[in-house]
Amino acid sequence: MDLCNPKEIKALLGRHGFRFSKQMGQNFLIQPWVPRQTAEASGAGPGIGVLEIGPGIGPLTAQLAQLGEKVVSVELDRTLLPILAETMADYDNVEIVPGDILKTDIPALCREKLAGLRAVACANLPYNITTPVITALLQAGCFASVTVMIQKEVAQRICAQAGTAQYGAFTLLCQYYADCELLYDVPPSCFLPAPKVTSSVIRMTVRGKPPVEVPDETLFFQVVRAAFAQRRKTLVNALSTLLGKDVDKSTIKSLICACNLTETVRGERLSFADFAELTQKIVKLRQK
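What this report covers is the structure whose coordinates are included nearby. (Residues numbered from 1 in each chain as written. Predicted model: local features only at pLDDT ≥ 70, side-chain atom pairs only at ≥ 80, totals over all residues. Heavy atoms only, no water.)

Topic: the packing of aromatic side chains
Scanning all chains against the criterion turns up eleven aromatic pairs. Ring geometry for Tyr-167 versus Phe-228: centroids 5.8 Å apart, planes at 75°, classification edge-to-face. Of the two residues, Tyr-167 sits in the loop between helix 7 (152-158) and helix 8 (169-177) while Phe-228 sits in helix 9 (residues 217-229), which places them 61 residues apart along the sequence. Note on Tyr-167: relative accessible area 3%, which makes it buried. Taken together, the aromatic side chains of Tyr-176, Tyr-177, Phe-220 and Phe-221 make up a single cluster linked through ring pairs. (Phe/Tyr/Trp six-rings, centres within 6.5 Å; stacked < 30°, edge-to-face > 60°. Helix = DSSP H or I, 4+ residues; strand = E, 2+ residues; numbered from the N terminus. Buried < 20%, exposed > 50% of the residue type's maximum accessible area, 1.4 Å probe, protein only.)

If you want it as structure tokens, here you go:
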């Protein structure tokens, strides 16, 4: 069965009485080069176990299964389970796990299902759960890489450089955990039904250690989020909101200037090193 052929897809879905769910953001691939290239980009191969999220009818799953040692696919929509049982029948190294990835203990799932294998994650993610899923995958601490197809706008944000319009808190979170690379775009015409936006495939190669050392990781991300919470705010005002009434603005200005930054600087101008140094100074301030 050609899982990217529109006629065969419609016949398959018709046999099973399947209806697309807008709520679940379901768009099935109809161009075979997309799942093939995505699977190749994921690093799947001998000795590699792959966690996939939202397999749909399985075109990416099949490609991953042909390359990798084992594929574990988590699928929320139970109406797709009998379809996947049919389309994945020839792949004895594929296991479909019913469930919600956002309610799944990802490290525990990998320990149970991908034991002894080097784990990577690969998925065509629904747009409405992109940010929480990527965050969960990166923070799980069990993948060598995360390769996903997402909305192009989000992909650009993840891969953005400091000082650009796309640069933000999510950029820093992703790049803290991984080296992020935008690979290629996937136009709406590659899907059934066609979405209204262009997608992109990105590969996030997980770092052995973060790009900066921070004394308090939780505080570091609090500072980052505060800096971008209202982009028009200067860093002084953003940190005033975070640090509260106990720290006056003159003290905050002194902290910022001590990092070789100006009083009027905004969050999008700060590098990893700037945020790390700022976090360190706030920790010292709180210790006084």
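Having seen it, we continue.
A closer look at the pattern of salt bridges
For the structure on display, the rule yields seven salt bridges. The residue Glu-95 makes a salt bridge to Lys-113 at a minimum N-O spacing of 2.6 Å. Here the residue Glu-95 occupies a position in strand 4 (residues 94-98), and Lys-113 occupies one in helix 5 (residues 106-113), the gap between them amounting to 18 residues. According to the relative accessible area criterion, Glu-95 is partly exposed, its value standing at 25%. Taking relative accessible area as the criterion, Lys-113 reaches 19% and is therefore assigned buried. Here Lys-152 and Asp-185 are joined by a salt bridge, their closest N and O atoms 3.0 Å apart. Pair noted here: Lys-152 is in helix 7 and Asp-185 is in strand 7 (residues 178-186), with a separation of 33 residues, a long-range link. Looking at Lys-152, the relative accessible area reads 27%, which means it is partly exposed. One connected set of salt bridges, linked through shared partners, spans Lys-70, Glu-95, Glu-112 and Lys-113. (Salt bridge = Lys/Arg side-chain N within 4 Å of Asp/Glu carboxyl O.)

Remarks on the nonpolar core
Counting residues in each nonpolar core, the largest one holds 67 residues, and the members touching the most others are Ile-134, Phe-143, Ile-158, Met-204 and Phe-275. Residues within four places of Ile-134 in sequence aside, it is in contact with Leu-125, Val-148, Ile-150, Ile-158, Phe-170, Cys-174 and Met-204. (Core = buried A, V, L, I, M, F, W, Y, C linked by side-chain atoms within 4.5 Å. Contact = heavy atoms within 4.5 Å.)

Looking at the environment of Thr-164
Position of Thr-164 relative to the elements: it lies in the loop between helix 7 and helix 8. For Thr-164 and Leu-29, which are 135 residues apart along the polypeptide, the C-alpha to C-alpha distance reads 32 Å. In terms of polar contacts, Thr-164 uses its side chain to reach the backbone carbonyl oxygen of Gln-161, at 2.7 Å. (Polar contact = N/O pair within 3.5 Å; in protein donor to acceptor, adjacent residues only side chain to side chain.)

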